[in-house]
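Reading the structure
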Amino acid sequence: MPAVVYVLKDGSERRVDVPEGTSVMLGAIQNNVPGIEAECGGCCSCATCHVYVEPAFADKVPPPDLSESDLLSGVAAERKPNSRLSCQISMTAALDGLTVRIPDKQSL
Amino acid sequence: MSAGLVIVGGSYAAMQIAASAREAGYAEPIRLVSEEPVLPYQRPPLSKGYLTGKFTPAALPLRAEAFYRDNRIETLLGQRAESLDLAARRVSLAGGGSLAFDRLALATGTRPRPLPLPGADLDGVLFLRSLADADRLRERLGGAGSIVVIGGGFIGLELASVAAAMGKPVVIVEAQERLLARGVSPQIAAFLADVHRSRGVALRLRSTVRDIRGANGRVQSVVCGDGETLAADLVLIAIGVVPNTELAGRAGLACQDGLVVDRFARTTDPLVVAAGDCTRHPSAFAGQLLRLESVQNAIDQAKTAGATLAGQEKPYESVPWFWSDQYELKLQMVGLVQGSDRHAVRGSLEQRRFSIFYFRSGRLVAIDSVNRAADHMLGRKLLALGRSPTPQQAADESFDLQTLVAA
Ligand SMILES: Cc1cc2nc3c(=O)[nH]c(=O)nc-3n(C[C@H](O)[C@H](O)[C@H](O)COP(=O)(O)OP(=O)(O)OC[C@H]3O[C@@H](n4cnc5c(N)ncnc54)[C@H](O)[C@@H]3O)c2cc1C
Ligand code: FES
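The following refers to the structure shown. Quick caveat: nothing in here was measured; it's all calculated off a predicted structure.

Each helix and strand counted, chain A has two helices and five strands in total. The helix and strand sequence of chain A, counted from the amino end, reads β-β-α-β-α-β-β. For chain A, whose C-alpha radius of gyration is 12 Å, the value lies close to the compact-globule estimate of 13 Å for 108 residues. Summarising its shape, the C-alpha atoms of chain A cover approximately 35 × 30 × 25 Å along the three principal directions. Across the 108 residues in chain A, those meeting the buried criterion constitute 56%. Long-range contacts, defined as pairs at least 24 residues apart, comprise 63% of the intrachain contacts of chain A with a sequence gap of at least 6.

Counting residues in hydrophobic clusters, the biggest one holds 83 residues, and the most contacted among them are Tyr6, Ile36 and Leu98 of chain A together with Ile188 of chain B. No other element matches helix α5 (residues 154-165) of chain B, which puts seven residues into this core. Other than its neighbours up to four places away in sequence, Leu98 of chain A contacts Ala3, Val4, Val5, Val24, Val53, Phe57, Val61, Ile89 and Met91 of chain A. Within the second largest apolar cluster, 47 residues are counted, among which are Cys46 of chain A together with Ala14, Ala305 and Leu383 of chain B.

Our next topic: the interface of chain B and chain A. Across the boundary between the two partners, chain B contributes 28 residues, which contact 23 residues of chain A. Here chain B packs against chain A, burying approximately 2,100 Å² in sum over the two surfaces, 52% of which is carbon and sulfur. Of all residues in chain B, the largest losses of buried area upon contact with chain A belong to Arg63, Met377 and Lys381 of chain B, amounting jointly to 22% of the total for that side. Here chain B is connected to chain A by two salt bridges. One salt bridge in this structure joins Lys303 of chain B and Glu37 of chain A, with 3.5 Å as the shortest N-O distance. Among the elements of the structure, α3 (65-70), α8 (295-309), β22 (321-326), β23 (329-335) and α9 (373-385) of chain B are those that each provide at least two residues to the side of chain B that touches chain A. Counting residues per element, the side of chain B that touches chain A draws most heavily on α9 of chain B, at five residues.

Residues and elements named next belong to chain B. Going through the model one piece at a time under the given rule, you end up with four aromatic pairs over all chains. Taking the centre distance of 5.0 Å and the plane angle of 85° together, the rings of Phe67 and Tyr68 count as edge-to-face. Taken individually, Phe67 and Tyr68 each receive the classification buried, so the pair is uniform in this respect. With a centroid separation of 6.0 Å and an interplanar angle of 35°, the aromatic rings of Trp321 and Trp323 are classed as tilted. The residues Trp321 and Trp323 share a single accessibility class, namely buried. Stacked on the ring of Trp321, the Lys or Arg Arg380 has its end atom at 3.8 Å from the ring centre.

All right, on to the packing of helix α1 (residues 12-23) of chain B against α8 of chain B then. Residue and element names in this part refer to chain B. As a packed pair, α1 and α8 sit with axes 7 Å apart at the nearest point and diverge in direction by 35°. In the crossing of α1 with α8, the sense of the turn from one axis to the other is right-handed. The residues of α8 that touch α1, namely those facing Tyr12, Ala13, Gln16, Ile17, Ser20 and Ala21, are Val295, Ala298, Ile299, Ala302, Lys303, Ala305, Gly306 and Leu309. In the contact of α1 with α8, the residues fall into 10 nonpolar, three polar and one charged.

Residue and element names in this part refer to chain B. Around ligand 1, the surrounding shell holds 32 residues, and the nearest of these are Ser11, Glu36, Arg43, Lys48 and Arg129. Within the contact set of ligand 1, a nitrogen atom lies 3.0 Å away from a backbone nitrogen or oxygen of Glu35. At 2.9 Å from a nitrogen atom of ligand 1 is found a main-chain nitrogen or oxygen belonging to Ala81. Here ligand 1 has 1,000 Å² of accessible area as a free molecule, and 96% of this is covered by the chains.

Here we take up empty space enclosed by the protein. Gaps left between atoms are located by rolling a probe of water-molecule size over the structure's atoms. All names here are of chain B. One pass over the full model with this rule turns up three cavities of 30 Å³ or more. Roughly 70 Å³ of internal volume is contained in the largest cavity. In the lining of the largest cavity, the residues fall into six nonpolar, two polar and three charged. Here the second largest cavity defines a volume of roughly 50 Å³. Along its surface, the second largest cavity is lined by His281, Pro282, Ser283, Ala284, Phe285, Leu292, Tyr316, Glu317, Ser318 and Pro320.

Let us now look at α9 of chain B. All names here are of chain B. Between its first and last C-alpha, α9 extends 19 Å over 13 residues, near the 18 Å set by a 1.5 Å rise per residue. Among the 13 residues that make up α9, 10 are buried, leaving the element largely enclosed by the rest of the structure. Along α9, the positions that sit buried rather than exposed are Ala373, Asp375, His376, Met377, Leu378, Gly379, Arg380, Lys381, Leu382 and Leu383.

Our focus in this paragraph is the sheet that holds strand β15 (residues 229-231) of chain B. All names here are of chain B. A sheet is described by the order of its strands in space; here three strands give the open sequence β13-β14-β15, paired in antiparallel fashion. Every interior strand has two partners, whereas the edge strands, β13 (209-215) and β15, have only one. With direction set aside, neighbouring strand axes in the sheet form an average angle of 30°. Relative to β15, strand β14 (residues 218-224) is paired through three bridges, and the arrangement is antiparallel.

The space that makes up the second largest pocket amounts to roughly 1,200 Å³. Along its surface, the second largest pocket is lined by 49 residues, and Glu37 and Ser107 of chain A together with Gln16, Glu23 and Lys303 of chain B are the ones closest to its centre. Listed by contribution, the elements that provide at least two residues to the lining of the second largest pocket are α1 (24-30) of chain A together with α1, α3, α8 and α9 of chain B. Considering every element that reaches the lining of the second largest pocket, the biggest residue donor is α1 of chain B, with six residues. Classifying every residue of the lining of the second largest pocket by side-chain character gives 21 nonpolar, 13 polar and 15 charged.

Calculation rules
- Residues numbered from 1 in each chain as written.
- Chains lettered and ligands numbered in written order.
- Predicted model: local features only at pLDDT ≥ 70, side-chain atom pairs only at ≥ 80, totals over all residues.
- Heavy atoms only, no water.
- Helix = DSSP H or I, 4+ residues; strand = E, 2+ residues; numbered from the N terminus.
- Rg over C-alpha atoms; globule rule 2.2 N^0.38 Å.
- Buried < 20%, exposed > 50% of the residue type's maximum accessible area, 1.4 Å probe, protein only.
- Contact = heavy atoms within 4.5 Å.
- Core = buried A, V, L, I, M, F, W, Y, C linked by side-chain atoms within 4.5 Å.
- Buried area = accessible area lost by both parts, 1.4 Å probe.
- Salt bridge = Lys/Arg side-chain N within 4 Å of Asp/Glu carboxyl O.
- Phe/Tyr/Trp six-rings, centres within 6.5 Å; stacked < 30°, edge-to-face > 60°.
- Lys NZ or Arg CZ within 6 Å of the ring centre and 35° of its normal.
- Axes fitted to C-alpha atoms, helices over the stretch in contact; angles between N-to-C directions.
- Left-handed = near helix turned anticlockwise from the far one by under 90°.
- Nonpolar A, V, L, I, M, F, W, Y, C, P; charged D, E, K, R; others polar.
- Near = heavy atom within 4 Å.
- Polar contact = N/O pair within 3.5 Å; in protein donor to acceptor, adjacent residues only side chain to side chain.
- Areas by Shrake-Rupley, 256 points an atom, 1.4 Å probe, with all protein chains shown as cover.
- 1 Å grid on protein atoms, 1.4 Å probe; cavity = no way out; pocket = protein on both sides within 12 Å on 5 of 7 lines; lining within 4 Å.
- Points joined across faces, edges and corners; volume = space filled by probe spheres on them.
- Expected span 1.5 Å × (residues − 1).
- Pairing = 2+ DSSP bridges.

And the structure:
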C-alpha cells in the first residue's frame, strides 16, 4: 500500500499507509492526522483541506482541475504554487512516499 | 475528580465543541452522548453521493475513533439524553442512569418537520436526516418506479437530482410560488427550476398535498390540494426542520424557535453552552438573531463554544456560507441574501458558470455562485473584511475583484 508523509504544523512527520484510490485528505482523517479539517467531506467546496505538495512530487501529482484551482484562490493560509486541496489527490502506487506539508491554518 | 463536560449531540457541533475545548486547554473529562449508534458523520453526502454509491460509508465519519481516544473524549453512543436537572447538574439518560457534569454543551441539532397528514406513516414515505434514513432511502431508490418529493428545499432538490440522473420520474410538490423560498434569491431559484425541468423533473409550485394514499400499508399516490393524484411508490417529505430544543426548554433555558445563545455560545444558564443547528444566535454579520442550518455554522459556533468552556472569549462572528451539489452544478452561497435591494451578475447563466452579487444600500451582502468557486472564496474574504465592490465592478469581468482584498 502506498504511504503518505504528512508534515505537521510543528514540523514533525507522520507516515501513514493510504490505499490506492483513497484521497490524501481521507488518509489524514482516518489516521487522525491533525490539521486537515475537511469541513465539506471532500466534495471540493470548503478549502479546509489545504496542503503544500513537496516539490519532489510536483510532477507526479496530476494537476488541479478548474473547480479545485478556483477554490485554491481562497485558501486561508498563503497560496503557493504547490498548494493543493488534499481531497482532490487520489493515491496511486506511483505516489508512494508523497510528502505534503500542512499549513498553519485552514479557515479565516 | 471533576465531573467535567457532558456534550449532548452526535454530529458536527458536538465533535467540534469537544475538539475546540481540548485545543483551548480544557483538561477535565469530556463525555459525548449521542442517540445515534455511530460516531459523528457527514450529513451532506446523504442526499448526494452516498445515494449513488460514489461516496462510501468509510468516508463518512468526521473523525476517526483514534481522534476521540487521543483527545480523551469518551463517546456514549446509542444513548438519548432524556432530561436535564441544571440545579443538580445531572443529565438523565433514556435507558436509565444519569451523568453528572460541571459544564454542559447542547448540540442537539434538528429533526425533519413532520407532515401531519393521513398516509404520512405509510411504508415508502421517508424523511432524510440521519444515516439510517439515508440507508432506507438508498435501498428503495433503485427499485422505485415513480418518486414524489414534498418540499422544494435543498434536500428535496438534491434527491431529485440524484433520482433524475438515475432516470427516475420525479415530481416536486412545493407550496410556495418558487423553489428554495427560504434559502436563496428568486434569480437562483428560477435558474435551478429551469435546470431541473430540463432534466425532466416536474415542478408543481403553489401546490399543497392533501393526503397520501396506499394499499396494504404501502404508498401508492399523493393527492394534491387541487385534487390531482400523482402516482408514487417512493415519497420523500422534505419540508424543513424543527430544532431539538425540548430538552433545554423543559430545563428552563430560553428557547425561541431555537435555543437562545449569546455571541459566546452561552445559553441563559452560565454553565451551559450550545452550538449548531439547534441555536438561535446573534449574528454579527446580519445584526439580528438567526437560526442557521449549515455545516459552517455548526463548526464555527462550536469553536466559540469550545473556547468559552476553556475560559477563553472567542466571539462567533463568521460570515455564513453553504453549498449544494445538484447534477454537475456546484452551488456555493456566502452571506445572507434576505433584505438585498439590488443584484449584479458576473459570468454567464447560459454557460452555467456565474455568480450573483447582492447589495443592500450599495453594500455587498451576499454572493451565490454556480461553478465559480473563486468568486465564492473571494466573497468570504470581502464580507469578512466588510469590503464591497460596486455593482458595476461586480458585473465587469475585466475588473479584478482581488484588488479589493489586497487594498
Ligand atoms: C441530507 C442532508 C444534506 C445536507 N447538506 C448540506 C450541505 O450540502 N451543506 C451544508 O452546509 N449543510 C448541509 N446539511 C445541513 C448540515 O448537515 C447541518 O447543518 C449539520 O448537520 C448541523 O450539525 P449539528 O451538529 O448542529 O446538528 P445535527 O447534525 O442535527 O446533529 C444533532 C445530533 O444530536 C443528536 N441528538 C439530538 N437530541 C439528542 C438527545 N436528546 N440525546 C442524545 N443525542 C441527541 C442527534 O441524534 C444528532 O446526532 C445537510 C443536512 C442533511 C440532513
Ligand atoms: S475537504 Fe472540502 S475542499 Fe477538500
